[in-house]
Amino acid sequence: MHNRILFALGACAFLSLSFFACDKREIPFPKPYPDSVATKFLPGLVSIEGLDFNAAFSPNGQSFYFSRSQNGQWDIFISQFTNGSWSKPVPASFCDEKYSEADPAFSPDGKLFFISNQPRQGKLMRKDFDIWYIEPKEGGTWSEATNLSEVNSDSSEYYIYFAANRNLYFGSSRPGGYGSEDIYVSRFVNGAYTLPRNLGPTINSPASEHDPCVSDDERFIIFKSENRDDGFGQADLYFSKIDEEQNWTPAQNLGARINTDGYEYCPYFTPDGRFFFFSSQNDIMWMDRKVLEEIVNAKD
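From a predicted model like this one, the values you see are computed outputs, not experimental measurements. (Residues numbered from 1 in each chain as written. Predicted model: local features only at pLDDT ≥ 70, side-chain atom pairs only at ≥ 80, totals over all residues. Heavy atoms only, no water.)

Engineer: Please provide a residue-by-residue account of the pattern of salt bridges, values included.
Structural biologist: Under the definition given, this model contains twelve salt bridges. The salt bridge partner of Glu157 is Arg174, with a shortest N-O separation of 3.0 Å. Of this pair, Glu157 sits in strand E11 (residues 157-162) while Arg174 sits in the loop between strand E12 (168-172) and strand E13 (182-186), and the two are 17 residues apart along the sequence. The pair formed by Glu157 and Arg174 is uniform in burial state, with each residue classed as buried. When salt bridges with common partners are traced through the structure, they connect Asp109, Lys111 and Arg166 into a single cluster. (Salt bridge = Lys/Arg side-chain N within 4 Å of Asp/Glu carboxyl O. Helix = DSSP H or I, 4+ residues; strand = E, 2+ residues; numbered from the N terminus. Buried < 20%, exposed > 50% of the residue type's maximum accessible area, 1.4 Å probe, protein only.)

Here's what the structure looks like:
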């Protein structure tokens, strides 16, 4: 069984400003802002007793989406910025209480992607997870969920992340990889997603890799890996870069300023490029992106 599921249920010079493309969206981040030390995001609202993980701001920056483990399954929650403050999170309207949904991610064209173990059309209840997406409609509603069949397999898919060109990175436990879960990319070509390609042995290992977080131009990636010899805990965050020959460099551990003796996963860059989010144990953490730059550049 996938180790992140076990964890959740048990818990109830490449790196530069140009690599984190900024836009004009204003996100009303709560103060005080974090600096050199990662802190809990919205403690008392998001990082509460129990397990909260993932991070995804809506395209307009006024909604924060994340995952919460409760009653033996995953649900997506939303906190809205209204009347000058962030609201108490509520379950997303598109979630079905019969199934688990998690790992929300917005594509560059505004669709909301997530994983779910809901059955495909005409199929029986599934134990594995697929990638699904919904499209925003007028009046703040959503379309019916569509299965991303060109990317999904008969094994589980996890944690979606997009480059600026809509190339889609994700984790999967499908056969033919290097370990129990590997990281793949499906390129967006002529309006459709192509056959997923494994990122190779400099990133993937005989253990478990997933939760990719890629720079807009795809020259830099952060991801989760479990139980490596140079790890600090059960799962750590690692990074790799594209070299001059367009290959991924051997993965390096992000170190003790990010990783602990526990479980780190779900890396995420805010759309405006200011902050780096990740999940640690039961909480959602955030820190100034410049700190991440310092860590990676020091390892060059």
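From this point, the discussion proceeds with the structure in view.
Engineer: Explain the sheet that holds strand E1 (residues 39-40) residue by residue, including any values.
Structural biologist: As summarised here, the arrangement of the four strands in space is E1-E23-E22-E21, forming an open sheet in which the pairing is antiparallel. Strands with a single pairing partner mark the edges of an open sheet, and in this sheet they are E1 and strand E21 (264-269). Across four bridges, E21 lies against strand E22 (residues 275-280) in antiparallel orientation. In the strand pairing of E22, Glu264 is matched with Ser280. Those strands touched by helix H2 (residues 289-298) are E21, E22 and strand E23 (283-288), and its axis lies near 80° from that of E23. (Pairing = 2+ DSSP bridges. Contact = heavy atoms within 4.5 Å. Axes fitted to C-alpha atoms, helices over the stretch in contact; angles between N-to-C directions.)

Engineer: Residue-level account of the sheet that holds E12, with values.
Structural biologist: Pairing is antiparallel across the open sheet formed by four strands, whose spatial order is E11-E12-E13-E16. A strand with exactly one partner marks an edge of an open sheet, and here the two such strands are E11 and strand E16 (197-198). Across two bridges, the pairing between E13 and E16 is antiparallel. Residue pairing in the sheet places Tyr184 in a bridge with Asn198 of E16.

Engineer: An account of the pairing of strand E4 (residues 73-82) is requested, with residue identities and associated values reported.
Structural biologist: Among the ten residues that make up E4, seven are buried, leaving the element largely enclosed by the rest of the structure. Linking strand E3 (residues 63-70) to E4, which pair antiparallel, is a turn of two residues; within it Asn71 sits at a positive phi near 55°. Sheet analysis places E4 next to strand E6 (residues 90-91), joined by two bridges and oriented antiparallel. Bridge pairing links Phe77 to Pro91 in E6. As paired elements, E4 and strand E5 (residues 85-86) share two bridges and run antiparallel to each other. Each bridged residue has a counterpart across the sheet, and for Phe81 the counterpart in E5 is Trp86.

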